[in-house]
Amino acid sequence: MNRRNPILAAIMACLSLFSLTLPLQAFEGKQKPEVAGAILFRDKGCAYCHGPAAAGTAKGPSLANVRKSMKTSQIIDQISNGGQKMPAFSDSLSNDEILQLVAFLRAKHRPVVPPATQSAPSPSPLSNPAQ
Ligand code: HEC
């Protein structure tokens, strides 16, 4: 009986560590809309035109100074209704998501999120019917 105790203790320690980190992650997710916004920026096509770090491409201008040059309401309007070349996103983003993007664009220190994992090409034999 006594010999099992250290193992049990180790398991309990692991379990309690695990259960401690879970609420922490949930807490962080809730507290940081700009992180959610950074992920949306990457995944909803913004980065395609504005660049992964919002520094601009041939398709869209740099958004580096948006924090100073645009009011929150103007950013919301631009994302919702688009512009001359930018598409409107009011159909594809919820209000919450638009606000998260605004939080990201207005953050003093914008969070950097890793590139999406699906960017790594993984050729599958099924997707190539020519062979
Ligand atoms: C198809 C390319 C394209 C996509 C996708 C796109 N944009 Fe744009 N964006 C532009 C262009 C071009 C402009 C310049 C104004 C115009 O022509 O609409 C612009 C302007 C802006 C501006 C105003 C910048 C300024 O200084 O006036 C903001 C803010 C912005 N985009 C945010 C976003 C966000 C957030 C997303 C993703 C939800 C996004 N854009 C997706 C092309 C794009």
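Scroll up for the structure.
Now for a quick tour of the structure.

About the thresholds
Residues numbered from 1 in each chain as written. Predicted model: local features only at pLDDT ≥ 70, side-chain atom pairs only at ≥ 80, totals over all residues. Heavy atoms only, no water. Phe/Tyr/Trp six-rings, centres within 6.5 Å; stacked < 30°, edge-to-face > 60°. Lys NZ or Arg CZ within 6 Å of the ring centre and 35° of its normal. Donors = N, O, S within 2.8 Å, 3.2 Å for Na, K, Ca; no water. Buried < 20%, exposed > 50% of the residue type's maximum accessible area, 1.4 Å probe, protein only. Near = heavy atom within 4 Å. Helix = DSSP H or I, 4+ residues; strand = E, 2+ residues; numbered from the N terminus. Core = buried A, V, L, I, M, F, W, Y, C linked by side-chain atoms within 4.5 Å. Contact = heavy atoms within 4.5 Å. Axes fitted to C-alpha atoms, helices over the stretch in contact; angles between N-to-C directions. Parallel < 35°, antiparallel > 145°, perpendicular 65-115°, else oblique. Left-handed = near helix turned anticlockwise from the far one by under 90°. Nonpolar A, V, L, I, M, F, W, Y, C, P; charged D, E, K, R; others polar.

### Topic: the packing of aromatic side chains
- Inspection of every chain in the model, using the stated rule, returns one aromatic pair.
- Above the plane of the ring of Phe 104 lies Arg 110, whose end atom (NZ or CZ) is 5.6 Å from the centre.

### Section: the coordination of the iron atom of the ligand
- The protein atoms donating to the iron atom of the ligand are His 50 (NE2) and Met 86 (SD), with metal-donor distances spanning 2.0 to 2.1 Å.
- Look at Met 86 and you get partly exposed, because its relative accessible area is 22%.

### With respect to the site of the ligand
- Lining the immediate environment of the ligand, one finds 18 residues, of which Cys 46, Cys 49, His 50, Lys 85 and Met 86 sit closest.
- Elements with a contribution of two residues or more to the shell around the ligand: helix 3 (46-50) and helix 5 (72-81).
- Among the elements that make up the shell around the ligand, the one with the highest residue count is helix 3 (three residues).

### Things to note about the nonpolar core
- Phe 41, Leu 63, Ile 75, Ile 79, Leu 93, Leu 101 and Leu 105 are the most contacted members of the largest nonpolar core, which has 17 residues in total.
- Of all the secondary-structure elements, those providing two or more residues to this core are helix 2 (33-43), helix 3, helix 5 and helix 6 (95-106).
- A total of five residues in this core trace back to one element, the largest contributor, which is helix 6.
- In this view, Leu 63 contacts Phe 41, His 50, Ala 54, Leu 105 and Arg 110; residues no more than four positions away in its chain are not counted.

### Remarks on the packing of helix 5 against helix 6
- As a packed pair, helix 5 and helix 6 sit with axes 10 Å apart at the nearest point and diverge in direction by 125°. Regarding the angle of helix 5 to helix 6, the classification is oblique. Considering how the two elements wind past one another, helix 5 and helix 6 form a crossing that is right-handed. Facing Thr 72, Ile 75, Ile 76, Ile 79 and Ser 80 of helix 5, the residues of helix 6 in contact are Ile 98, Leu 99, Leu 101, Val 102, Leu 105 and Arg 106.
- When its residues are assigned to classes, the contact of helix 5 with helix 6 shows eight nonpolar, two polar and one charged.

### Points about the environment of Val 66
- As for its placement among the helices and strands, Val 66 is situated in helix 4 (residues 66-69).
- With relative accessibility at 6%, the residue Val 66 sits in the buried group.
- Through-space distance from the C-alpha of Val 66 to that of Ala 107 is 10.0 Å; in sequence the pair is 41 residues apart.

### Here we look at the environment of Ser 73
- Mapping Ser 73 onto the fold places it in helix 5.
- With 29 residues separating them in the primary sequence, Ser 73 and Val 102 have C-alpha atoms 9.2 Å apart.

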